[in-house]
Every structure is written in C-alpha cells, then in structure tokens.
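Breakdown of the fold
What follows is the residue order along each chain.
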Amino acid sequence: MTYLTIIYQLSPNGIFNLSNLEWLDISKNKITEIGSGIDQLTKLTTLDLSNNDIQELPDEICRLENLLALDLRGNLKLMDNEILEDYLNSKKILSYYFR
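Residues numbered from 1 in each chain as written. Predicted model: local features only at pLDDT ≥ 70, side-chain atom pairs only at ≥ 80, totals over all residues. Heavy atoms only, no water.

A separate point is the pattern of salt bridges. When their charged atoms lie close together, side chains carrying opposite charge are able to pair. This structure, assessed with the given rule, holds two salt bridges. The partner of arginine 63 in a salt bridge is aspartate 39, and the shortest N-O contact between them spans 3.0 Å. Pair noted here: arginine 63 is in the loop between β3 (46–48) and β4 (69–71) and aspartate 39 is in the loop between β2 (23–25) and β3, with a separation of 24 residues, a long-range link. For arginine 63, a relative accessible area of 52% corresponds to the exposed category. In this structure, arginine 73 and aspartate 71 form a salt bridge, with 2.6 Å as the shortest nitrogen-oxygen distance. Exposure remark for arginine 73: the relative accessible area of 40% places this residue in the partly exposed category. A residue is classified by how much of its surface remains accessible, and aspartate 71, at 8% relative accessible area, is buried. (Salt bridge = Lys/Arg side-chain N within 4 Å of Asp/Glu carboxyl O. Helix = DSSP H or I, 4+ residues; strand = E, 2+ residues; numbered from the N terminus. Buried < 20%, exposed > 50% of the residue type's maximum accessible area, 1.4 Å probe, protein only.)

For the rest of this paragraph, the subject is the nonpolar core. Within the largest apolar cluster, 22 residues are counted, with the highest numbers of intra-cluster contacts made by Ile34, Leu47 and Leu49. In contact with leucine 49, not counting residues within four places along its chain, are Ile26, Ser27, Ile34, Ile54, Leu57, Leu70, Asp71, Leu72 and Asn75. (Core = buried A, V, L, I, M, F, W, Y, C linked by side-chain atoms within 4.5 Å. Contact = heavy atoms within 4.5 Å.)

Moving on, we come to unusual backbone geometry. Its identity is not glycine, yet lysine 28 carries a phi of approximately 55°, on the positive side. Lysine 28 gets classed as exposed once you look at its relative accessible area, which sits at 65%. Despite not being glycine, lysine 30 shows a phi value in the positive range, around 60°. Inspection of the secondary structure puts lysine 30 in the loop between β2 and β3.

To continue, consider the confidence of the model for the protein chain. Of the residues in the protein chain, 72% reach a pLDDT of 70 or more, and the chain-wide mean stands at 79. Looking across the protein chain, the model is least confident in strand β1 (residues 3–5), with a mean pLDDT of 58, and most confident in β3, with 93. Confidence over residues 7–11 falls short of pLDDT 50; this stretch has six contacts with residues more than four positions distant or in other chains. (pLDDT = per-residue confidence, 0-100.)

As for its position among the elements, threonine 46 is in strand β3. Judged by its relative accessible area of 13%, threonine 46 falls in the buried class. If sequence neighbours within four positions are ignored, threonine 46 has contacts with Glu22, Trp23, Leu24, Leu67 and Ala69.

Next comes the structure, spelled out in structure tokens:
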C-alpha cells in the first residue's frame, strides 16, 4: 500500500506500522495530536494533516527524510514549533501549506 486516505475519525497512531506508505491523507478528522511514531513512516512523501484540531506536532516529524509535501492548513490551534520551522527551512519540502 502506498496511498491511504482516512475518511472517518481515526487516531493516526494505528497506521504507523504501514512502513511502505508514501501518501497519507488524514485531513478533516478532528485529530488533536499526531503520535510520536510518525517517524516510522519512512517512505512518506506527502502528508496531509489539513483541517484538524492539531495543537502541536511531534519533533519526530523531522525524521521523515522523504517528505516532499506537508499540508497543515486549517489547524488554527497549531502552535509555532521552532524545531519544525528549522527543519522546514533546512529541507527542500516542495509544498508546505500552513494556515
């Protein structure tokens, strides 16, 4: 499996064992947090977290070496994360959407 769209409310922690996943869309799921196991998705290139209730991203998201696109739009409670900001500035993410 390389592409997964979650279309119902689900905690993303249950998908971290899908190590071959390349595209993950968990938008519009009322998710409040992303578990620290996100770094187990080593082949992930696209991560859509838009329109949730995420307040903070785990530092482990910086270990996603293949990530090319990250969508954080619509997470109005998302706090500024200095580690994430440094990561995004140092990495060539092709698409980064925030607010």
